[in-house]
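Examining the three-dimensional arrangement
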Amino acid sequence: MNDENASCSYDSEDDAQLSLLDLPVEIFLHICSFLEASTLVHGLSLVCKQFYLILKDDSLWKARINHIWPDASYPLLRPARPDKLFWKLSCVAIEKQTALWKGSLMEKLIIANPQYSTVDALLLMHNGTICIAGARDRTLLYWKLPSHEKSPSRENGSTVCIDSAHNGWIWDLTAIYSTIYSCSWDQSVKSWVLIDTGLVKLKTYEMNTASGALLCVSSCPEQALFATGSYSKTIFVFDSRSGHKPIRQYRPHTGAVIKLAMNSEYILSASEDKTVSVWDQRAGRTMKSITVISFRKAFPMCMSMQRDCVCVGDSTAKLHVLNPKNDFELVKSYSTKHTKGITGVHLAHGCLITSSKDGTVRISSPTDPPKPIATFLSGFGEIASVSIIYVYRKISVLLKYLNYTAKKHFVFVL
């Protein structure tokens, strides 16, 4: 550029002081379209009042989300009372999740499993740095994941294996802060305190002799409560601060209780009788029973309960959506790309994750209808469930495999 052309850019003092504040709103928004949503929300909108007022408009974020998924409606179910930051933060989560799952930043960690039998229960703890696994050989495994700074080819972290943790198959795990609860076919729930070097047994919660195998356990840390469901159709609720006996038990199903989900208001239970039962914790009674499946041999296998939406996956690879803000009405059902039953489901602002007995994990958009984002094939047998923890820009996804030959856990870190 010659000196004459260079001087043309600053013909006057006013020109020298031009800034983004002087641009028409349309041009400013066009510039913003090239920036990440997180930069706009957590950076540019905080620069000055003018930028804040422009970027606070919900229509901007709705249009941005619609540009990502033009043929779908977000969210899967509209929230009853969206807060002021709902559309902003949802757009940030959507862009981040879509970029992470579609990108090439995934890292796979592998642990050669010291448990010689099928692993049915897995749980990620402490921001994805600790893995707890329960197996049919009655052992409970503590696995400390290698630090992220180590070599990408790392294959083991430090492990501690507790032999004879139960007298039957260990089938499910949950946690209240640093206390882990394991349920087993031996008709008991045991609590374990998580320490730096492993697990220390705390107490045993025993059911009556007619309870049958315990097939699921879930917790509500806010109330220090946990519940377990049994093959004998009974649900037992415990207060972790009190003794060994249940504070409540009820029998809402005519078939085995397969899965539980709970919060401070409700306990949801899925059963082989094809229904999902809703227990109102405040009223102390069964509020509703929803028949989610009409096929003869189908039954619900997994659940994800959020404040504004409940997703239920069934044995025919269909996904059902309940609306907790409207008496848990069954509002939508979707056919998925899975070819076998859905064994795990997780719904978040930015993605919908499902695992299946067909050996795949599918990442979809949390929209109506869900749109595919990415698919992962295990190659090591059926996937029993997923455990997911979000830590800043890292996502840890723990898969548990029903596999009788390659006894390994896989953790994907983004």
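All figures in this text were calculated on a predicted structure; none of them were measured in a lab. (Residues numbered from 1 in each chain as written. Predicted model: local features only at pLDDT ≥ 70, side-chain atom pairs only at ≥ 80, totals over all residues. Heavy atoms only, no water.)

1. What about the overall build of the protein chain?
- Assigned secondary structure in the protein chain consists of seven helices and 28 strands.
- The buried share of the protein chain, taken over its 414 residues, is 53%.
- Taking the intrachain contacts of the protein chain between residues at least 6 apart in sequence as the baseline, contacts between residues at least 24 apart amount to 47%.
- Here the protein chain has roughly 19,800 Å² of accessible surface; of this, 52% comes from carbon and sulfur atoms. (Helix = DSSP H or I, 4+ residues; strand = E, 2+ residues; numbered from the N terminus. Buried < 20%, exposed > 50% of the residue type's maximum accessible area, 1.4 Å probe, protein only. Contact = heavy atoms within 4.5 Å. Areas by Shrake-Rupley, 256 points an atom, 1.4 Å probe, with all protein chains shown as cover.)

2. Comments concerning the packing of aromatic side chains
- Inspection of the entire model under this criterion finds 15 aromatic pairs.
- Relative to phenylalanine 376, the ring of tryptophan 101 lies with its centre 5.7 Å away and its plane at 55°, an arrangement referred to as tilted. In this pair, tryptophan 101 is assigned in helix α7 (residues 86-102) and phenylalanine 376 in strand β25 (residues 372-377), connecting sequence segments 275 residues apart.
- Among the aromatic side chains, those forming a connected cluster through ring pairs are Tyr181, Tyr205, Phe226 and Phe238.
- Here arginine 136 stacks its cationic end above the ring of tryptophan 169, 4.4 Å away from the centre of that ring. (Phe/Tyr/Trp six-rings, centres within 6.5 Å; stacked < 30°, edge-to-face > 60°. Lys NZ or Arg CZ within 6 Å of the ring centre and 35° of its normal.)

3. A look at helix α6 (residues 58-68)
- Listing the buried residues of α6 in full gives Trp61, Arg64 and Ile65. Around the axis of α6, the buried residues are gathered within 95° of arc, so they sit on the same side.
- Summarising the contacts, the buried residues of α6 are in contact with α3 (25-32), α4 (37-42), α5 (49-55) and α7. (Arc of directions from axis to C-beta.)

4. Remarks on the sheet that holds strand β2 (residues 119-125)
- On the basis of which strands lie adjacent, the open sheet formed by four strands has the order β2-β3-β4-β5 and antiparallel pairing. Only two strands of the sheet have a single partner each, and these edge strands are β2 and β5 (158-162). Across this sheet, the average inter-strand angle for adjacent strands is 15°, counted without regard to direction.
- Note: β2 against strand β3 (residues 130-135), six bridges, orientation antiparallel. Counterpart to alanine 121 in the pairing with β3 is glycine 134. (Pairing = 2+ DSSP bridges. Axes fitted to C-alpha atoms, helices over the stretch in contact; angles between N-to-C directions.)

5. Quick look at the pairing of strand β8 (residues 188-195)
- β8 sits mainly inside the fold: six of its eight residues count as buried.
- Two elements, strand β7 (residues 179-184) and β8, share five bridges in a ladder whose sense is antiparallel. Across the sheet, residue serine 182 finds its bridge partner in β8, namely lysine 190.
- Hairpin connection of β7 to β8: three residues between the antiparallel strands, including glutamine 187 at a positive phi of 70°.

6. Side note on the nonpolar core
- Counting residues in hydrophobic clusters, the biggest one holds 30 residues, and the most contacted among them are Trp61, Trp101 and Ile363.
- Those elements that place two or more of their residues in this core are α3, α4, α5, α6, α7, β24 (360-364), β25 and β26 (382-391).
- Other than its neighbours up to four places away in sequence, isoleucine 363 contacts Trp101, Cys351, Leu352, Ile353, Lys371, Pro372, Ile373, Ala374 and Phe376. (Core = buried A, V, L, I, M, F, W, Y, C linked by side-chain atoms within 4.5 Å.)

7. Regarding the pairing of strand β20 (residues 318-323)
- Most of β20 is tucked away: five of the six residues are buried.
- Sheet topology note: the strand β19 (residues 310-314)/β20 ladder contains four bridges and is antiparallel. Along β20, the bridge assignment pairs valine 312 with histidine 320.
- Between β19 and the antiparallel strand that follows it, β20, lie three residues; alanine 317 among them carries a positive phi value of about 70°.
- Relative to strand β21 (residues 329-335), β20 is paired through six bridges, and the arrangement is antiparallel. Bridge pairing in β21 places leucine 319 opposite tyrosine 334.
- Between β20 and β21, which pair antiparallel and follow one another directly, the connecting turn spans five residues, one of which, aspartate 327, has a positive phi of 60°.

8. Quick look at the UniProt feature "repeat: WD" (unreviewed entry) in the protein chain
- Within this numbering scheme, the UniProt entry marks residues 250-289 as carrying the feature "repeat: WD" (unreviewed entry).
- Across residues 250-289 one finds 0% helix and 60% strand; the C-alpha atoms that close the span lie 14 Å apart. (UniProt positions renumbered as here; feature names shortened; annotations may be inferred.)

9. Description of a nonpolar patch on the surface
- A surface patch of nonpolar side chains, amounting to about 220 Å² of accessible area, comprises Leu20, Ile27 and Ile31.
- Along the polypeptide, isoleucine 31 turns up in helix α3. (Patch = residues over 30% accessible without salt bridge, like charges linked within 9 Å, V, L, I, M, F, W, Y side chains within 5 Å. Salt bridge = Lys/Arg side-chain N within 4 Å of Asp/Glu carboxyl O.)

10. A closer look at the pattern of salt bridges
- Evaluation of the coordinates by the stated rule reveals nine salt bridges.
- The residue lysine 332 makes a salt bridge to aspartate 368 at a minimum N-O spacing of 2.8 Å. With lysine 332 in strand β21 and aspartate 368 in the loop between β24 and β25, this pair connects stretches of sequence that are 36 residues apart.
- Three or more residues are tied together by salt bridges with common partners; here these are Glu265, Asp280 and Arg282.

11. Topic: the packing of α6 against α7
- For the pair α6 and α7, the least separation of the axes is 9 Å and the interaxial angle reads 25°. Considering their axes alone, α6 and α7 lie roughly parallel with respect to each other. Along this stretch, α6 crosses α7, giving a crossing that reads as left-handed. On the side of α6, the interface is formed by Asp58, Trp61, Lys62, Arg64, Ile65 and Ile68, while α7 contributes Trp87, Lys88, Cys91, Ile94 and Glu95.
- Residues that form the contact of α6 with α7 fall into these classes: six nonpolar, no polar and five charged. (Parallel < 35°, antiparallel > 145°, perpendicular 65-115°, else oblique. Left-handed = near helix turned anticlockwise from the far one by under 90°. Nonpolar A, V, L, I, M, F, W, Y, C, P; charged D, E, K, R; others polar.)

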